[in-house]
Each structure stands twice: as structure tokens, then as C-alpha cells.
Amino acid sequence: MQSSSEGMYGFEQNGKIGYMDKNGTIVVPAIYSYDSIGITYGTIPYFSNDYVKVVQNKKAGMIDKKGKLVIPIEYENLTPYIGFGNFILITKTIGGKKNYGVLTTKNEVLLPVEYEDIRIDTGVILAKQNAKWGMFDKTGKQITPLEYTALGYSSTDKVLLAE
């Protein structure tokens, strides 16, 4: 058993991981794999702002501290950007091609899984489609068209660099 942050404790049973609360009550049964690329203390992914990435059958999803599946376990990978607007970058291979999209922690689609690449910065999302970059806000609203060969954003200086 190891601390997994936010009052949760990860444990291993039969090669799988699960979570219990501070009273030792199992909240999430040990049904998830270690092959998670989530944020970890040691070997078990830890919770960040009430959520943790989980993996089953080489597919990733996300659960909350009650064990409720908030993002279905259907993605090749997912990267939470909790604190940057509660974005979750998702990856799926469609037609032999890796595609990216963005969800909220409520499983709402901000950007569908149809982009060649996505980069997330504080409050903005840069997305690439057909070799062209564009910018979206934290609600998924398009700020710039997908027409730039290169696009960068500095949240510190509030500067947009476009080519």
C-alpha cells in the first residue's frame, strides 16, 4: 500500500492496482494495470484534483475518488492537464493514423479525436490538422483558423507566434 495523494491509498492485488480511502475501505477494486503512464509516487498512479488515470487491457481512462469511471477506458493514452482548465488530451489510432482530441473531466468533447497533434498551454489549445496549426480557447472555441505552418503561444507574455 502506498499513498496516492488526496486521502487515497493505492494497493496491489494479484498484479493489479486499486485504491482505498484513509479508513482502509476499498473504493476502487484492484482491476487496473500497472502499465499506466500517469503521475506516480513509486509505482501506483496518484490522484490529482480528484482524478487518476487507469489502464485496462492496454486502454486508458480516468476515474474519480469514488471509483466512478469519468472517462471511458477506450483511449490508447490520455494525459490530464488538471489545473490548466481540466483538459484531458486523448489519443486514438484511426485508419492506421494516430489522432488527438481534448475532453473535459466531465467527458465533454472540446476537440474531437481528429487532429494530427495537439499542444496545451495555460488556457489555450494549439491543434494541427492537414499540416496546419490553429488555436482554440479552453471551451473549444476556435480563436485562429487552422492555417499556420508553425504556431506558438507564451502564456507568460501573452504572445502568439505564427508562421
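Structure: above.
Numbering of residues begins from 1 in every chain and follows the order in which that chain's sequence is written. It should be noted that, the model being predicted, local features are given only for residues of pLDDT at least 70 and side-chain atom pairs only at 80 or more, the latter also being counted only at that level, while totals for whole chains, interfaces and linings use all residues. Note that water and hydrogens are dropped before the side-chain values are worked out from all heavy atoms of the structure.

(A) Main features of the overall build of the protein chain. Scanning the protein chain from terminus to terminus reveals zero helices and 19 strands. In the protein chain, which comprises 163 residues, the proportion classed as buried is 39%. Any two residues having at least one pair of non-hydrogen atoms within 4.5 Å are treated as being in contact. Look at the contacts in the protein chain between residues 6 or more apart in sequence, and 22% of them connect residues 24 or more apart. Only DSSP runs of H or I reaching four residues or more are called helices, and only runs of E reaching two or more are called strands; each is numbered from the N terminus. Only protein chains enter the accessibility calculation, which uses a 1.4 Å probe; a residue whose area is less than 20% of its type maximum is buried, one above 50% is exposed, and one in between is partly exposed.

(B) Quick look at the sheet that holds strand β9 (residues 69–75). DSSP bridges decide pairing: two strands pair if at least two such bridges lie between them. Taken together, the three strands give an open sheet; going across it, the order is β7-β8-β9, and neighbouring strands pair in antiparallel fashion. Of all the strands in the sheet, just β7 (51–56) and β9 have a single pairing partner and so form its edges. Strand-to-strand twist in this sheet, taken as the mean axis angle between neighbours without regard to direction, amounts to 20°. Pairing geometry for β7 and strand β8 (residues 59–64), over six bridges, is antiparallel. Bridging from a neighbouring strand, Lys 53 pairs with Met 62 of β8. For helices, the axis comes from a line fit to the C-alpha atoms of the stretch in contact; other axes are also lines fit to C-alpha atoms, and the angle between any two N-to-C directions lies between 0 and 180 degrees.

(C) Main features of the sheet that holds strand β14 (residues 117–121). Within the open sheet, the four strands sit side by side as β14-β15-β16-β17. Their pairing is antiparallel. With one partner strand each, in any of the chains shown, β14 and β17 (142–148) form the two edges of the open sheet. Across the sheet, the mean angle from the axis of one strand to that of its neighbour is 15°, orientation sign disregarded. Relative to β17, strand β16 (residues 132–137) is paired through three bridges, and the arrangement is antiparallel.

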